[in-house]
Amino acid sequence: MGFSPSFSCSAMGALILGCLLLQASNSNAQLRPDFYFRTCPSVFSIIGDTIVDELRSDPRIAASILRLHFHDCFVRGCDASILLDNSTSFRTEKDAAPNANSVRGFNVIDRMKASLERACPRTVSCADMLTIASQISVLLSGGPWWPVPLGRRDSVEAFFDLANTALPSPFFTLAQLKAAFADVGLNRASDLVALSGDHTFGKAQCQFVTPRLYNFNGTNRPDPTLNPTYLTELRRLCPRNGNGTVLVDFDSVTPNAFDSQYYTNLRNGKGLIQSDQELFSTPGADTIPLVNQYSSSTFVFFRAFVEAMIRMGNLRPLTGTQGEIRQNCRVVNSRRIRVVENDDGVVSSI
């Protein structure tokens with residue numbers, strides 16, 4: 001199932017809010033699905049309506065939002081640090097190599113946040129908004145619904161250097177992928193395989209595909225795991241010395257649907273980027289049975305994906321008085337400095 005233009009997010013919001021009190025998440029004691037039940041009951045419908053509107057002109061946006069969430073959570077946790085622009089205090093994560101000219105959807109995030117600020121001023125964090133938007137993007141594309149643990153706050157800084165090292169590369173081997181996931185606390189094989197399933201929709205640039213088509217690991221030959229027919233198709237789309245920014249579907253069969261076709265593609269040697277195909281083509285890997293399971297059962301994949309998304313969404317959250325609730329996701333809130341003198345004549349600023 002893909003996106004339907006007639007989908008009503010107001011109805012979806014009511015359904016989600018109705019379910020929240022019936023669902024419980026014990027993954028993080030400080031986060032809970034009903035966090036905004038009283039303070040911003042329209043949060044789900046506002047976010048969902050924004051995505052539905054954008055999907056009418058940009059079928060990629062659902063996959064792009066999910067990718068933003070992934071790239072946010074892998075860098076010091078799910079704190080919306082990826083949404084911050086450059087400032088005098090830090091360099092934006094948007095400039096980091098894995099993100100530059102690649103991650104997208106920031107204007108949609110801006111519109112989403114502006115709508116939330118009008119309805120519920122200074123209430124919903126950008127981190128929670130991006131987490132909810134990811135879940136709704138999956139749902140609108142035919143994927144599962146799950147109760148999203150909420151209550152995160154926003155980072156007051158970005159982490160450019162960490163973004164350059166923490167995010168998995170499309171050229172990683174399986175061992176490198178496992179290490180990258182384990183470094184952030186996602187140490188189960190099911191975390192890696194299920195979350196890689198976000199490549200069941202969306203697109204990648206030819207620059208991330210071309211090396212395995214013509215000079216895999218410096219061999220001057222294509223990646224031997226590539227299906228020969230698929231290799232021919234990809235070479236047509238991404239010619240040698242061609243435009244590296246040309247976009248290619250991760251899944252050429254159901255490119256805009258969130259389903260289990262991605263895993264069937266891997267079994268057929270049709271993973272688009274090296275790091276995807278490694279899950280199935282690495283000899284003796286413990287990821288191979290999981291690829292087979294998810295290919296054979298969409299239900300099993302969805303269940304594993306939901307569990308992994310909740311685990312990823314709970315990576316190092318800022319809660320309580322940590323961080324802040326940004327009013328504009330691109331910038332840290334302005335600080336008003338007030339000089340205070342106490343009874344002992346000691347001056348401080350707050």
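Preceding this section is the structure that the text describes.
Rules behind the numbers
Residues numbered from 1 in each chain as written. Predicted model: local features only at pLDDT ≥ 70, side-chain atom pairs only at ≥ 80, totals over all residues. Heavy atoms only, no water. Core = buried A, V, L, I, M, F, W, Y, C linked by side-chain atoms within 4.5 Å. Buried < 20%, exposed > 50% of the residue type's maximum accessible area, 1.4 Å probe, protein only. Contact = heavy atoms within 4.5 Å. Disulfide = S-S within 2.5 Å. Helix = DSSP H or I, 4+ residues; strand = E, 2+ residues; numbered from the N terminus. Salt bridge = Lys/Arg side-chain N within 4 Å of Asp/Glu carboxyl O. Lys, Arg positive; Asp, Glu negative; His and termini not counted. Polar contact = N/O pair within 3.5 Å; in protein donor to acceptor, adjacent residues only side chain to side chain.

**Q** Explain the nonpolar core here, please?
**A** Generally speaking, soluble globular proteins have nonpolar side chains that are buried together. Counting 80 residues, the largest nonpolar core has Val43, Ile47, Ile51, Leu195, Phe305 and Met312 as the members making the most contacts within it. Residues in contact with Val43, not counting those within four places in the same chain, are Tyr36, Leu116, Val124 and Ile132. Among the nonpolar cores identified, the runner-up in size contains 14 residues, and Leu213, Tyr230, Leu234 and Val248 belong to it.

**Q** What am I meant to see in the state of the cysteines here?
**A** Think of a disulfide as a covalent bridge from one cysteine sulfur atom to another cysteine sulfur atom. Per the counting criterion, the structure on display carries 4 disulfides. Two residues, Cys126 and Cys329, share a disulfide whose sulfurs are 2.1 Å apart. Disulfide Cys126-Cys329: the torsion about the S-S bond is -100°, which places it as left-handed. Taken together, the residues Cys126 in helix α5 (residues 126-140) and Cys329 in the loop between α14 (298-313) and β3 (339-341) connect sequence positions 203 residues apart. Comparing Cys126 with Cys329, the two get one shared label, buried. Numbered by order of appearance in the sequence, the disulfide-linked cysteines of the protein chain pair as 1-4, 2-3, 5-8, 6-7.

**Q** Got a minute to help me understand the pattern of salt bridges in this structure?
**A** Opposite charge on two side chains lets them pair, provided their charged atoms get close. Per the stated rule, a full pass over the model turns up 15 salt bridges. Residue Asp191 is joined to Arg311 by a salt bridge in which the shortest nitrogen-to-oxygen separation is 2.8 Å. Of the two residues, Asp191 sits in helix α8 (residues 189-196) while Arg311 sits in helix α14, which places them 120 residues apart along the sequence. Through salt bridges with shared partners, a single network forms among Asp85, Lys94, Asp110 and Arg330.

**Q** In this structure, what is going on with the side chain of Asp154? I would like to understand it.
**A** Mapped onto the elements, Asp154 comes out in the loop between α5 and α6 (160-166). Buried within the structure, Asp154 lacks any salt-bridge partner; Arg326 is the closest side chain of opposite charge, at an N-O distance of 4.5 Å. Of note is the side chain of Asp154, whose polar atom sits 3.0 Å from the backbone nitrogen of Cys126. Polar contacts involving the side chain of Asp154 include one to the main-chain amide nitrogen of Ala127, which spans 2.8 Å.

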